[in-house]
Amino acid sequence: MGKFKTGSSIILIMKEYNNLVKDIKNKKFLPVYFLQGDEPFYIDKLTELLEENVLKEEEKAFNQNIIYGTESDLDQIISLAKQFPMGADKQLIIIKEAKGLPFDKSEAFDNYIKNPQPSTVLVINYKYKSLDKRKSVAKLLSKQGYIFTSEKLYDNQVPTWIGSLCQSNGLEIDEKSRILLAEFLGTELSRIDNEIQKLKLIVGNSKKITPEIIERNIGISKEYNNFELRKAIVEKNTKQAYKIIDYFEKNPKANPIVLTFGTLISLFSNILIVHTLPIKTPQNIAKELRINPFFANEYLTAIKNYSLKKTTACIAYLRDADMKSKGVDVSSHATSKDILMEMLYKILH
(Lines give C-alpha, C1' and ligand atoms only; values in the text may rest on other atoms or scores of the structure.)
Protein backbone atom coordinates (compact mmCIF):
# COMPACT_ATOMS: atom_id res chain seq x y z
CA MET A 1 0.00 0.00 0.00
CA GLY A 2 1.10 3.62 -0.39
CA LYS A 3 0.48 7.32 0.08
CA PHE A 4 -0.38 10.49 -1.83
CA LYS A 5 2.45 12.76 -2.85
CA THR A 6 2.56 14.94 -5.95
CA GLY A 7 2.46 14.68 -9.72
CA SER A 8 2.96 11.15 -11.01
CA SER A 9 2.62 9.77 -7.45
CA ILE A 10 -1.11 10.51 -7.63
CA ILE A 11 -1.34 8.21 -10.63
CA LEU A 12 0.72 5.59 -8.80
CA ILE A 13 -1.56 5.64 -5.76
CA MET A 14 -4.57 5.29 -8.07
CA LYS A 15 -2.94 2.26 -9.67
CA GLU A 16 -2.14 0.81 -6.26
CA TYR A 17 -5.69 1.41 -5.09
CA ASN A 18 -7.04 -0.22 -8.26
CA ASN A 19 -4.78 -3.23 -7.63
CA LEU A 20 -6.17 -3.52 -4.11
CA VAL A 21 -9.69 -3.32 -5.48
CA LYS A 22 -8.89 -6.02 -8.02
CA ASP A 23 -7.45 -8.30 -5.33
CA ILE A 24 -10.44 -7.78 -3.03
CA LYS A 25 -12.90 -8.56 -5.81
CA ASN A 26 -10.84 -11.67 -6.63
CA LYS A 27 -11.05 -12.73 -2.95
CA LYS A 28 -7.34 -12.16 -2.32
CA PHE A 29 -7.49 -10.58 1.12
CA LEU A 30 -4.77 -9.21 3.37
CA PRO A 31 -5.06 -10.19 7.05
CA VAL A 32 -4.77 -6.51 8.09
CA TYR A 33 -5.77 -3.26 6.38
CA PHE A 34 -4.51 -0.26 8.36
CA LEU A 35 -6.16 2.67 6.55
CA GLN A 36 -4.89 6.02 7.77
CA GLY A 37 -4.66 9.68 6.74
CA ASP A 38 -6.55 12.95 6.39
CA GLU A 39 -8.37 12.03 3.16
CA PRO A 40 -11.28 9.68 3.99
CA PHE A 41 -12.24 8.82 0.40
CA TYR A 42 -10.08 5.72 -0.09
CA ILE A 43 -10.53 4.62 3.51
CA ASP A 44 -14.29 4.56 3.05
CA LYS A 45 -14.14 2.97 -0.40
CA LEU A 46 -11.83 0.12 0.64
CA THR A 47 -13.82 -0.52 3.82
CA GLU A 48 -17.10 -0.70 1.88
CA LEU A 49 -15.54 -3.00 -0.69
CA LEU A 50 -14.24 -5.38 1.97
CA GLU A 51 -17.62 -5.39 3.66
CA GLU A 52 -19.20 -6.40 0.35
CA ASN A 53 -16.68 -9.09 -0.59
CA VAL A 54 -15.14 -10.87 2.40
CA LEU A 55 -18.31 -12.62 3.53
CA LYS A 56 -21.51 -13.85 1.96
CA GLU A 57 -24.66 -12.22 3.31
CA GLU A 58 -25.64 -15.32 5.27
CA GLU A 59 -22.18 -15.49 6.92
CA LYS A 60 -22.21 -11.96 8.29
CA ALA A 61 -24.40 -12.54 11.33
CA PHE A 62 -21.73 -14.61 13.10
CA ASN A 63 -18.54 -13.51 11.35
CA GLN A 64 -18.73 -9.75 10.83
CA ASN A 65 -18.05 -7.33 13.65
CA ILE A 66 -18.08 -3.54 13.34
CA ILE A 67 -16.45 -2.03 16.40
CA TYR A 68 -15.93 1.61 17.34
CA GLY A 69 -12.55 2.47 18.81
CA THR A 70 -14.24 4.92 21.15
CA GLU A 71 -16.12 2.02 22.76
CA SER A 72 -13.44 -0.68 22.84
CA ASP A 73 -9.76 -1.27 23.58
CA LEU A 74 -6.92 -2.97 21.74
CA ASP A 75 -6.79 -6.02 23.97
CA GLN A 76 -10.44 -6.80 23.20
CA ILE A 77 -9.87 -6.22 19.48
CA ILE A 78 -6.78 -8.47 19.37
CA SER A 79 -8.59 -11.18 21.32
CA LEU A 80 -11.48 -11.06 18.85
CA ALA A 81 -9.10 -11.09 15.86
CA LYS A 82 -7.49 -14.30 17.13
CA GLN A 83 -10.78 -16.18 17.16
CA PHE A 84 -11.83 -18.52 14.37
CA PRO A 85 -14.81 -17.93 12.06
CA MET A 86 -18.07 -19.86 12.49
CA GLY A 87 -19.29 -21.69 9.41
CA ALA A 88 -17.19 -19.55 7.05
CA ASP A 89 -13.62 -19.31 5.76
CA LYS A 90 -13.12 -15.80 7.11
CA GLN A 91 -14.23 -13.42 9.79
CA LEU A 92 -14.29 -9.66 9.13
CA ILE A 93 -13.55 -7.14 11.86
CA ILE A 94 -13.92 -3.44 11.04
CA ILE A 95 -12.64 -0.92 13.57
CA LYS A 96 -14.12 2.54 12.99
CA GLU A 97 -13.08 5.77 14.73
CA ALA A 98 -9.82 4.06 15.63
CA LYS A 99 -7.59 7.14 15.90
CA GLY A 100 -7.88 7.22 19.68
CA LEU A 101 -6.50 3.71 20.14
CA PRO A 102 -2.83 3.46 21.27
CA PHE A 103 -1.47 1.31 18.43
CA ASP A 104 2.00 2.81 18.85
CA LYS A 105 2.16 1.78 22.51
CA SER A 106 0.84 -1.77 22.30
CA GLU A 107 3.31 -4.63 22.27
CA ALA A 108 0.37 -7.03 21.85
CA PHE A 109 -0.66 -5.30 18.61
CA ASP A 110 2.95 -5.42 17.34
CA ASN A 111 2.98 -9.16 18.02
CA TYR A 112 -0.34 -9.63 16.24
CA ILE A 113 0.99 -7.81 13.13
CA LYS A 114 3.98 -10.17 13.10
CA ASN A 115 1.71 -13.21 13.19
CA PRO A 116 -1.88 -12.31 12.24
CA GLN A 117 -4.71 -14.83 12.27
CA PRO A 118 -4.96 -15.93 8.60
CA SER A 119 -8.72 -16.49 8.78
CA THR A 120 -9.34 -12.92 10.03
CA VAL A 121 -9.55 -9.77 7.92
CA LEU A 122 -8.92 -6.88 10.30
CA VAL A 123 -9.78 -3.45 8.87
CA ILE A 124 -8.72 -0.39 10.87
CA ASN A 125 -10.12 3.05 9.99
CA TYR A 126 -7.50 5.44 11.37
CA LYS A 127 -9.05 8.52 9.77
CA TYR A 128 -7.67 12.06 10.05
CA LYS A 129 -4.48 10.85 11.66
CA SER A 130 -1.32 8.94 10.73
CA LEU A 131 1.08 6.83 12.75
CA ASP A 132 4.52 8.18 13.46
CA LYS A 133 6.76 6.51 10.87
CA ARG A 134 9.53 6.17 13.45
CA LYS A 135 7.42 3.94 15.70
CA SER A 136 7.84 0.17 15.52
CA VAL A 137 4.18 -0.43 14.68
CA ALA A 138 4.38 1.80 11.60
CA LYS A 139 7.52 0.03 10.45
CA LEU A 140 5.93 -3.39 10.99
CA LEU A 141 2.75 -2.48 9.12
CA SER A 142 4.76 -1.01 6.27
CA LYS A 143 7.09 -4.02 6.07
CA GLN A 144 4.12 -6.40 5.83
CA GLY A 145 2.36 -4.19 3.28
CA TYR A 146 -0.67 -3.65 5.50
CA ILE A 147 -0.70 0.16 5.71
CA PHE A 148 -2.41 2.59 3.34
CA THR A 149 -1.95 6.34 3.84
CA SER A 150 -4.22 8.74 2.02
CA GLU A 151 -3.41 12.42 2.49
CA LYS A 152 -5.39 15.43 1.34
CA LEU A 153 -4.57 16.56 -2.17
CA TYR A 154 -3.27 20.02 -2.95
CA ASP A 155 -5.51 22.10 -5.23
CA ASN A 156 -3.05 21.72 -8.12
CA GLN A 157 -3.10 17.92 -7.79
CA VAL A 158 -6.86 17.55 -8.19
CA PRO A 159 -7.02 17.85 -12.03
CA THR A 160 -4.49 15.00 -12.34
CA TRP A 161 -6.50 12.92 -9.86
CA ILE A 162 -9.69 13.59 -11.82
CA GLY A 163 -7.96 12.39 -14.98
CA SER A 164 -6.85 9.18 -13.27
CA LEU A 165 -10.29 8.63 -11.79
CA CYS A 166 -11.90 9.05 -15.20
CA GLN A 167 -9.39 6.67 -16.78
CA SER A 168 -10.13 4.02 -14.13
CA ASN A 169 -13.83 4.43 -14.98
CA GLY A 170 -13.19 4.02 -18.72
CA LEU A 171 -13.83 7.70 -19.43
CA GLU A 172 -12.01 10.32 -21.48
CA ILE A 173 -11.72 13.89 -20.20
CA ASP A 174 -9.82 16.87 -21.62
CA GLU A 175 -7.58 19.19 -19.61
CA LYS A 176 -10.03 22.09 -19.48
CA SER A 177 -12.79 19.82 -18.19
CA ARG A 178 -10.51 18.51 -15.45
CA ILE A 179 -9.68 22.03 -14.33
CA LEU A 180 -13.31 23.17 -14.48
CA LEU A 181 -14.37 20.27 -12.25
CA ALA A 182 -11.47 20.82 -9.85
CA GLU A 183 -12.22 24.52 -9.54
CA PHE A 184 -15.94 23.97 -8.96
CA LEU A 185 -15.79 20.88 -6.73
CA GLY A 186 -12.68 21.62 -4.68
CA THR A 187 -10.55 18.91 -3.06
CA GLU A 188 -13.30 16.73 -1.56
CA LEU A 189 -12.65 13.48 -3.41
CA SER A 190 -15.94 11.81 -2.49
CA ARG A 191 -17.87 14.73 -3.98
CA ILE A 192 -15.78 14.59 -7.15
CA ASP A 193 -16.30 10.83 -7.42
CA ASN A 194 -20.06 11.26 -7.07
CA GLU A 195 -20.13 13.79 -9.90
CA ILE A 196 -17.93 11.61 -12.12
CA GLN A 197 -20.27 8.66 -11.55
CA LYS A 198 -23.23 10.84 -12.60
CA LEU A 199 -21.38 11.99 -15.72
CA LYS A 200 -20.47 8.38 -16.52
CA LEU A 201 -24.16 7.52 -16.71
CA ILE A 202 -24.89 10.63 -18.76
CA VAL A 203 -22.18 10.18 -21.41
CA GLY A 204 -22.97 6.49 -21.87
CA ASN A 205 -21.20 4.85 -24.78
CA SER A 206 -19.45 8.03 -25.93
CA LYS A 207 -17.23 7.84 -22.79
CA LYS A 208 -16.18 11.49 -23.29
CA ILE A 209 -16.57 14.26 -20.71
CA THR A 210 -16.39 17.73 -22.26
CA PRO A 211 -16.90 21.30 -20.96
CA GLU A 212 -20.28 21.34 -22.74
CA ILE A 213 -21.44 18.20 -20.88
CA ILE A 214 -20.20 19.65 -17.58
CA GLU A 215 -22.04 22.91 -18.25
CA ARG A 216 -25.31 21.12 -19.02
CA ASN A 217 -25.24 18.67 -16.15
CA ILE A 218 -23.25 20.15 -13.26
CA GLY A 219 -24.10 23.81 -13.59
CA ILE A 220 -20.63 25.14 -14.36
CA SER A 221 -20.57 27.59 -17.26
CA LYS A 222 -17.77 26.71 -19.66
CA GLU A 223 -17.38 30.41 -20.55
CA TYR A 224 -18.12 32.17 -17.28
CA ASN A 225 -16.09 30.76 -14.42
CA ASN A 226 -13.00 31.63 -12.40
CA PHE A 227 -10.79 29.71 -14.81
CA GLU A 228 -11.93 31.91 -17.71
CA LEU A 229 -11.79 35.08 -15.57
CA ARG A 230 -8.21 34.27 -14.67
CA LYS A 231 -7.39 33.75 -18.35
CA ALA A 232 -9.07 37.03 -19.35
CA ILE A 233 -7.11 38.95 -16.71
CA VAL A 234 -3.80 37.34 -17.69
CA GLU A 235 -4.43 38.25 -21.34
CA LYS A 236 -5.83 41.68 -20.41
CA ASN A 237 -9.06 40.87 -22.22
CA THR A 238 -11.07 43.62 -20.52
CA LYS A 239 -14.34 43.01 -22.33
CA GLN A 240 -14.42 39.30 -21.46
CA ALA A 241 -13.42 39.92 -17.83
CA TYR A 242 -16.31 42.37 -17.34
CA LYS A 243 -18.75 39.92 -18.98
CA ILE A 244 -17.69 37.18 -16.58
CA ILE A 245 -18.13 39.43 -13.53
CA ASP A 246 -21.58 40.39 -14.80
CA TYR A 247 -22.45 36.68 -15.08
CA PHE A 248 -21.15 36.06 -11.54
CA GLU A 249 -23.45 38.77 -10.19
CA LYS A 250 -26.45 37.07 -11.80
CA ASN A 251 -25.40 33.60 -10.54
CA PRO A 252 -23.90 34.23 -7.07
CA LYS A 253 -24.56 30.76 -5.62
CA ALA A 254 -22.55 29.05 -8.36
CA ASN A 255 -19.81 31.71 -8.21
CA PRO A 256 -19.18 32.79 -4.60
CA ILE A 257 -17.07 35.93 -4.37
CA VAL A 258 -14.72 34.36 -1.82
CA LEU A 259 -13.71 31.74 -4.42
CA THR A 260 -13.01 34.46 -6.99
CA PHE A 261 -10.75 36.37 -4.59
CA GLY A 262 -8.94 33.18 -3.64
CA THR A 263 -8.30 32.33 -7.30
CA LEU A 264 -7.02 35.81 -8.20
CA ILE A 265 -4.87 36.31 -5.10
CA SER A 266 -3.25 32.94 -5.84
CA LEU A 267 -2.74 33.98 -9.48
CA PHE A 268 -0.97 37.26 -8.68
CA SER A 269 1.03 35.77 -5.81
CA ASN A 270 2.36 33.21 -8.28
CA ILE A 271 3.05 35.89 -10.92
CA LEU A 272 5.13 37.66 -8.26
CA ILE A 273 7.14 34.47 -7.68
CA VAL A 274 7.66 33.90 -11.42
CA HIS A 275 9.09 37.42 -11.74
CA THR A 276 11.81 36.42 -9.26
CA LEU A 277 12.69 33.07 -10.87
CA PRO A 278 16.13 33.02 -12.53
CA ILE A 279 14.93 30.35 -14.99
CA LYS A 280 11.56 31.11 -16.53
CA THR A 281 10.89 27.98 -18.60
CA PRO A 282 7.44 26.32 -18.46
CA GLN A 283 8.99 23.26 -16.83
CA ASN A 284 10.71 25.26 -14.10
CA ILE A 285 7.64 27.42 -13.49
CA ALA A 286 5.47 24.31 -13.02
CA LYS A 287 8.06 22.80 -10.69
CA GLU A 288 8.63 25.91 -8.56
CA LEU A 289 4.95 26.82 -8.21
CA ARG A 290 3.84 23.21 -7.79
CA ILE A 291 1.14 23.82 -10.37
CA ASN A 292 -0.36 21.81 -13.19
CA PRO A 293 1.92 22.25 -16.25
CA PHE A 294 -1.21 23.30 -18.15
CA PHE A 295 -0.89 26.72 -16.45
CA ALA A 296 2.86 27.29 -16.95
CA ASN A 297 2.67 29.16 -20.27
CA GLU A 298 -0.07 31.34 -18.82
CA TYR A 299 2.50 32.76 -16.39
CA LEU A 300 4.88 33.64 -19.21
CA THR A 301 2.07 35.73 -20.71
CA ALA A 302 1.26 37.19 -17.30
CA ILE A 303 4.76 38.52 -16.57
CA LYS A 304 4.74 40.28 -19.95
CA ASN A 305 1.43 41.98 -19.18
CA TYR A 306 2.09 42.70 -15.50
CA SER A 307 5.38 44.17 -14.36
CA LEU A 308 6.74 43.37 -10.93
CA LYS A 309 5.52 46.74 -9.66
CA LYS A 310 2.06 46.29 -11.19
CA THR A 311 1.80 42.74 -9.81
CA THR A 312 2.49 44.00 -6.29
CA ALA A 313 -0.15 46.72 -6.76
CA CYS A 314 -2.68 44.12 -8.01
CA ILE A 315 -2.23 42.03 -4.88
CA ALA A 316 -2.97 45.16 -2.83
CA TYR A 317 -6.09 45.87 -4.95
CA LEU A 318 -7.31 42.31 -4.41
CA ARG A 319 -6.78 42.36 -0.65
CA ASP A 320 -8.56 45.73 -0.44
CA ALA A 321 -11.51 44.39 -2.47
CA ASP A 322 -11.61 41.24 -0.34
CA MET A 323 -11.90 43.36 2.81
CA LYS A 324 -14.64 45.47 1.22
CA SER A 325 -16.57 42.31 0.34
CA LYS A 326 -16.54 41.54 4.08
CA GLY A 327 -17.98 44.96 4.93
CA VAL A 328 -14.76 46.74 5.88
CA ASP A 329 -14.35 50.35 4.70
CA VAL A 330 -17.05 50.19 2.03
CA SER A 331 -20.22 52.08 1.17
CA SER A 332 -23.36 50.38 2.42
CA HIS A 333 -24.77 50.65 -1.12
CA ALA A 334 -21.87 48.83 -2.81
CA THR A 335 -22.77 45.42 -4.28
CA SER A 336 -20.44 42.50 -4.90
CA LYS A 337 -20.47 43.47 -8.57
CA ASP A 338 -19.47 47.05 -7.71
CA ILE A 339 -16.53 45.81 -5.64
CA LEU A 340 -15.39 43.37 -8.35
CA MET A 341 -15.78 45.91 -11.15
CA GLU A 342 -13.73 48.51 -9.28
CA MET A 343 -11.06 45.90 -8.58
CA LEU A 344 -10.97 44.82 -12.23
CA TYR A 345 -10.65 48.39 -13.44
CA LYS A 346 -7.60 48.92 -11.20
CA ILE A 347 -6.00 45.63 -12.29
CA LEU A 348 -6.60 46.01 -16.03
CA HIS A 349 -5.64 49.69 -16.37
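Scroll up a little and you will see the structure.
Let us look at the structure shown here.

Criteria and thresholds
- Along each chain, the written sequence defines residue order, and numbers are assigned to residues from 1.
- Local features in this predicted model are restricted to residues whose pLDDT is 70 or higher, and side-chain atom pairs enter the listing and the counts only when it is 80 or higher, whereas totals over whole chains, interfaces and linings include all residues.
- To get the side-chain values, all heavy atoms of the structure are used, and hydrogens and water are removed first.
- Secondary structure is summarised from DSSP: a helix means a run of H or I of at least four residues, a strand means a run of E of at least two, and numbering begins at the N terminus for each.
- Here's how the labels work: a residue is buried when its accessible area is under 20% of the maximum for its type, exposed when over 50%, partly exposed in between, all with a 1.4 Å probe on protein chains only.
- We call two residues contacting when some pair of their heavy atoms lies within 4.5 Å.
- Every accessible area reported is derived by Shrake-Rupley at a probe size of 1.4 Å, with residue values counting cover from the shown protein chains alone.
- Charge assignment: positive for Lys and Arg, negative for Asp and Glu; neither His nor the chain ends contribute.
- The location of each charge is read from NZ of Lys, CZ of Arg, CG of Asp or CD of Glu.
- Detection works on a 1 Å grid of protein atoms alone, calling trapped sets that fit a 1.4 Å probe cavities and calling open sets with protein on both sides within 12 Å along at least five of seven lines pockets, with lining residues defined by an atom within 4 Å of a point.
- Grid points are joined across faces, edges and corners, and a volume is the space filled by probe spheres set on the points.
- Residue polarity follows a fixed list, in which Ala, Val, Leu, Ile, Met, Phe, Trp, Tyr, Cys and Pro are nonpolar, Asp, Glu, Lys and Arg are charged, and the others, Gly among them, are polar.
- The term nonpolar core refers to a set of buried residues drawn from Ala, Val, Leu, Ile, Met, Phe, Trp, Tyr and Cys, joined through side-chain atoms within 4.5 Å.
- We define a salt bridge as a side-chain nitrogen of Lys or Arg found within 4 Å of a carboxyl oxygen belonging to Asp or Glu.
- Crossovers are described as right-handed under a simple rule: with the strands pointing away from the observer, the path leading from the first strand over the helix to the second runs clockwise.

### Thoughts on the overall build of the protein chain
In step 1: Check the secondary structure of the protein chain and you find 17 helices and 7 strands.
In step 2: Considered along the principal axes of its C-alpha atoms, the protein chain spans approximately 75 × 45 × 45 Å.
In step 3: Taken across its 349 residues, the protein chain has 47% of its residues classed as buried.
In step 4: Pairs at least 24 residues apart make up 75% of the contacts formed inside the protein chain by residues separated by at least 6 positions.
In step 5: With the model as given, the accessible surface of the protein chain reaches about 17,700 Å², and the carbon-plus-sulfur share is 50%.
In step 6: Once the 51 positive and 43 negative side-chain charges of the protein chain are each reduced to a mean point, those two points are 5 Å apart.

### Overview of the layout of surface pockets
Leftover empty space is mapped by rolling, across the atoms, a probe with the size of a water molecule.
In step 1: In this structure, the largest pocket encloses a volume near 580 Å³.
In step 2: Residue lining of the largest pocket: 22 residues in total, with Asp155, Asn156, Arg230, Thr263 and Ser266 positioned closest to the centre.
In step 3: Those elements giving two or more residues to the lining of the largest pocket turn out to be helix H7 (158-168), helix H8 (175-185), helix H11 (226-234) and helix H13 (257-276).
In step 4: The leading source of residues in the lining of the largest pocket is H13, at 5 residues.
In step 5: Its residues assigned to classes, the lining of the largest pocket shows 10 nonpolar, 8 polar and 4 charged.
In step 6: One number sums up the size of the second largest pocket: a volume of about 390 Å³.

### Re the nonpolar core
In step 1: Core analysis: the largest hydrophobic core is formed by 46 residues, its most contacted members being Tyr33, Trp161, Ile162, Leu181, Ile192, Ile196 and Ile209.
In step 2: Per-element tally for this core: the top contributor is helix H1 (residues 8-25), with 7 residues.
In step 3: Residues in contact with isoleucine 162, not counting those within four places in the same chain, are Ile173, Arg178, Leu181, Ala182, Ile192 and Ile196.

### Notes on the pattern of salt bridges
In step 1: For the structure shown, the criterion picks out 16 salt bridges.
In step 2: Glutamate 39 serves as the salt-bridge partner of lysine 152, at 3.6 Å between the closest nitrogen and oxygen. Of this pair, lysine 152 sits in the loop between strand E5 (147-149) and H7 while glutamate 39 sits in the loop between strand E1 (32-37) and helix H2 (40-53), and the two are 113 residues apart along the sequence.
In step 3: Residue classification places lysine 152 among the partly exposed residues on the basis of a relative accessible area of 42%.
In step 4: Salt-bridge contacts for lysine 346 lead to glutamate 342; the nearest nitrogen and oxygen are separated by 3.5 Å. You can see lysine 346 and its partner glutamate 342 sitting in helix H17 (residues 336-348), 4 residues apart, about one turn around the helix.
In step 5: Of the residues examined, glutamate 342 reaches a relative accessible area of 36% and is grouped as partly exposed.
In step 6: Taken together, the salt bridges that share partners define one network made up of Asp320, Lys324, Glu342 and Lys346.

### Looking at the environment of serine 119
In step 1: Checked against the element boundaries, serine 119 lands in the loop between helix H5 (107-114) and strand E4 (120-127).
In step 2: Overall, the relative accessible area of 12% leaves serine 119 in the buried class.
In step 3: In the structure, serine 119 is positioned 90 residues away from phenylalanine 29 in sequence and 9.8 Å away in space, judged by C-alpha atoms.
In step 4: Beyond its immediate sequence surroundings of up to four residues, serine 119 is in contact with Gln83, Phe84, Pro85, Asp89, Lys90 and Gln91.

### So, the pairing of E4
In step 1: Buried residues dominate E4, accounting for 7 of its 8 residues.
In step 2: In this view, the connection linking strand E3 (residues 91-96) to its parallel neighbour E4 by way of H5 has right-handed handedness.

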